[in-house]
Amino acid sequence: MKKLLIMIALCLLLAVSLVPASALAAVQEVQSDKIELKLSLFTREEQDWIRAQQNKVFYVGVAQDYIPIEYLDERGRPRGMGVELLRKIHQLTGLRFRLYQNSAKETWEEILQSTVEKRIDILSTVSVTPERQEYLEFSVPYMETTQVIVGDVDTNRLFRDVAQIEENSTFAVPRGYWFVDIIKKDIPQAGIIYVDNMEEALEYVSKKKADYTICEIPVFTYYKDQGMYQEIKIVGELNEKNQIFIGTRKDLKELIPIINKVILHINYDEIYEASMVIPRNNRKERRLTALVVLLGILLIIVIYYLWRTIRKLVRSKQAAEEANNDKTRLMTNIAHDLRTPLTVILGYAQAMMEGQVQKEADKERYIRKISEKVTYLSAVVDDFFLLARLEDNNLALRQEPVRLDCFLRQIVEDAELKAQAKQIQISLHVADGAAVFKNVDGVKLYRAIENIMTNAIAYTGRGGRIEVSAIPTVEGKVEIAIKDNGQGIVPEELPHIFERYYKGGQARKEAIGLGLYIAREIIHRHQGEIRAESELGRGSVFYVVL
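These figures come from a predicted structure and were not determined experimentally. (Residues numbered from 1 in each chain as written. Predicted model: local features only at pLDDT ≥ 70, side-chain atom pairs only at ≥ 80, totals over all residues. Heavy atoms only, no water.)

This part takes up the overall build of the protein. Looking only at helices and strands, one finds 15 helices and 22 strands in the protein. With 546 residues in all, the protein has 46% of them scored as buried. Within the protein, contacts between residues at least 6 apart in sequence are counted, and of these 74% link residues at least 24 apart. (Helix = DSSP H or I, 4+ residues; strand = E, 2+ residues; numbered from the N terminus. Buried < 20%, exposed > 50% of the residue type's maximum accessible area, 1.4 Å probe, protein only. Contact = heavy atoms within 4.5 Å.)

What follows is the structure in structure tokens.
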């Protein structure tokens, strides 16, 4: 254990040493890489005003959590459509814009108050409300977004507007957000829970601390794709689109016609390309180096502890010759499953660090490949850890009541994302008597059924279908069936598919033979049953009885 702690400390020190110093920059200019003055766009009075402001700095307030429409990235740099418009204004006029230094620390409500108190000159992304019109001048709108109503996954109704929602409902609303006025107008009896930001509002709905919130579709999509809140979904949308403007203080109204002319004369494709990009948690060459080194060290630790676990199992359960065979087999599997993706990661990272990759598109593709391989390695390591706990009879179940229909619906919704690439249709049917609560470990049972679904998607051809159903049995249990119309299983292989490390002749190249074994062990520990039926060329059906 002491050696392990030393190795982890070294990993942390290495990661810290590789963080770019620029990540700590305090002052963020909102400016273009080059200035190409085009004062001919403006009237003589506007040109005179621009020249008079050349030594002035205009401070810009940015919402930190409006991802991807407006936000601060991992280095505290402002991003978003409005910010890119200000960069374009700087390029054409030379006017200077700088991020308000407290943007990362203030909520949107506090950003608005800082504008009232003249610490902020410009808001790059803002909606019009009567209250804001008292202290802001607004440009022409440069963007229009669809506002969606977000509820938890158990919400069965769809709403065409806020006014259709029940009066006793509660809404989580970030402080200062404009749509609170719509809620108060259309549902006067609704409860309002004020939170600091949109991420916290979505968390409240996910944990059922609030019934609903409202946000733009890109914002919902970002948090959903990050896998942060899987218990939420879109349950409706607002009738009217939300128009977004650039706002300036009243005493800077001379800036508004200048902003309007830039908005009306720019190439929007260029602005969209620079701004509407989903932020990622990657870094460039130095961050990739840290990732590869950390991953290598962690893999060594994992292999070491797996080897110790296997040696202990071998000594207690098998004779010497059989133990050596099992150990060799497992270590071979580990080496094969970890070596190939790690080699790919090292190759891509080395190519970037040595400057062999110049185009941004190629860099993004290399980074995406590294991300995919890291995700795969993470899944493999999880399987081996779970296998070790299963073999050591050390898998503790944290059972609690789970409603099966909601549970299966979540699995199907997540599987649909994986099936989209192959255009596979997934359907779910839950019989009336199967929508019951069961005492299960939701996380581990999810893993078991997800493994079966993953296999079904992998062995079903493009345009195929998968049917998931649940029916009650005469013994008072529930039988879950996962049926596909894929390639099926060879009859001779069917009795062995739940064995550890078993891979049939039709197995995928990347398969390691643990998915169905882990599924069987988890289901058995829930006092359940699992079996499979298959017809070669026509598909397979897996049955889980709980």
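There's plenty left to go through after this.
The residue T129 is located in the loop between β7 (122-126) and β8 (136-138) in this model. Accessibility expressed as a relative area gives 6% for T129, which makes it buried. Setting aside residues up to four positions removed in sequence, T129 forms contacts with W178 and D181.

Let us look at the pairing of strand β12 (residues 191-195). Strand direction decides the pairing type here: strand β11 (residues 170-174) and β12, joined by five bridges, are parallel. Counted as the bridge partner of F171 is I192 from β12. (Pairing = 2+ DSSP bridges.)

The N-to-C vectors of helix α3 (residues 81-93) and helix α8 (residues 255-265) enclose an angle of 100°; their axes lie 10 Å apart at closest approach. The orientation of α3 relative to α8 falls into the category roughly perpendicular. Every residue of α8 that contacts α3 at L85, K88, I89, L92 and T93 is listed here: I258, I259, V262 and I263. (Axes fitted to C-alpha atoms, helices over the stretch in contact; angles between N-to-C directions. Parallel < 35°, antiparallel > 145°, perpendicular 65-115°, else oblique.)

What follows concerns the packing of aromatic side chains. Tallied over the entire structure, the rule returns twelve aromatic pairs. Ring centres of Y66 and Y177 lie 6.3 Å apart, and the angle between their planes is 90°; on these two criteria the pair is classed as edge-to-face. With Y66 in strand β3 (residues 65-66) and Y177 in the loop between β11 and α5 (180-186), the pair connects residues that are 111 residues apart, well separated along the chain. When the ring of F498 is compared with that of F542, the centres are 6.1 Å apart and the planes differ by 85°; the resulting orientation is edge-to-face. Residue F498 is located in the loop between β20 (478-484) and α15 (515-525), and its partner F542 is located in strand β22 (residues 539-545); the two are separated by 44 residues in the primary sequence. When sorted by exposure, F498 lands in the same class as F542, which is buried. In this structure an aromatic cluster arises from ring pairing among Y66, Y177, W178 and F179. The ring of Y204 carries the charged tip of K209 above its face, separated from the ring centre by 5.2 Å. Taking the ring centre of Y543 as reference, the NZ or CZ of R531 above it sits at 4.2 Å. (Phe/Tyr/Trp six-rings, centres within 6.5 Å; stacked < 30°, edge-to-face > 60°. Lys NZ or Arg CZ within 6 Å of the ring centre and 35° of its normal.)

As a further point, take unusual backbone geometry. Each neighbour pair has its own omega, and for I67 with P68 the value is 0°, a cis peptide bond. Counting through the fold element by element, P68 comes out in the loop between β3 and β4 (70-72). Here the phi dihedral of K208 falls at roughly 60°; this positive angle occurs in a residue that is not glycine. Examined against the element boundaries, K208 turns out to sit in the loop between α6 (198-206) and β13 (213-216).

Mean pLDDT for the protein: 83, with 82% of residues reaching 70 or above. Mean pLDDT across the elements of the protein ranges from a minimum in helix α1 (residues 2-17), with 51, to a maximum in β8, with 97. pLDDT under 50 marks residues 15-25. Its contacts with residues more than four places away, or in other chains, come to 13 contacts. (pLDDT = per-residue confidence, 0-100.)

Here we take up the environment of N485. With respect to the helices and strands, N485 occurs in the loop between β20 and α15. Between the C-alpha atoms of N485 and V541, which are 56 residues apart in sequence, the distance is 8.9 Å. In this view, N485 contacts T460, G464, R465, R538 and G539; residues no more than four positions away in its chain are not counted. Here R465 takes part through its backbone nitrogen, which lies 3.0 Å from a polar atom of the side chain of N485. (Polar contact = N/O pair within 3.5 Å; in protein donor to acceptor, adjacent residues only side chain to side chain.)

Core analysis: the biggest nonpolar cluster contains 80 residues, and F97 and F171 have the highest contact counts within it. A total of six residues in this core trace back to one element, the largest contributor, which is α3. Non-local contacts of F171, meaning those with residues more than four positions away in its chain, are made with V162, I165, I183, I187, A190, G191, I192, I193, A210, Y212 and T213. Within the second largest apolar cluster, 46 residues are counted, among which are L386, I411, I497 and L546. (Core = buried A, V, L, I, M, F, W, Y, C linked by side-chain atoms within 4.5 Å.)

This brings us to the sheet that holds β3. Sheets are built from strands that pair by backbone hydrogen bonding, the pairs being arranged parallel or antiparallel. Spatial ordering of the open sheet is given by β3-β4-β5, a layout of three strands whose pairing is antiparallel. Only two strands of the sheet have a single partner each, and these edge strands are β3 and β5 (78-80). Relative to β4, β3 is paired through two bridges, and the arrangement is antiparallel. Residue pairing for β4: Y66 is matched across the bridge by E70.

Turning to helix α13 (residues 404-419), a few remarks are in order. Since the α-helix turns once every 3.6 residues, residues separated by three or four places project in the same direction. When the terminal C-alpha atoms of α13 are compared, their 22 Å separation across 16 residues agrees well with the 22 Å that a helix rising 1.5 Å per residue should span. Within α13, the full set of buried residues consists of L404, D405, C406, F407, L408, Q410, I411, V412, D414, A415 and A419. For α13, the secondary structure elements touched by its buried residues are β16 (400-403), β17 (425-430), β18 (437-440), α14 (442-458), β19 (465-472) and β20. (Expected span 1.5 Å × (residues − 1).)

The sheet built from five strands is open, its strands ordered β17-β19-β20-β22-β21 with mixed pairing. Across the chains shown, the open sheet's two edge strands, defined by having one partner strand only, are β17 and β21 (529-535). In this sheet, neighbouring strand axes are inclined to one another by 15° on average, regardless of whether the strands run parallel or antiparallel. In the packing of α14 onto the sheet, the strands contacted are β17, β19, β20, β21 and β22, and the crossing angle to β20 comes to about 20°. Of the strands in this sheet, β21 and β22 touch α15, which is tilted by about 140° from β21.

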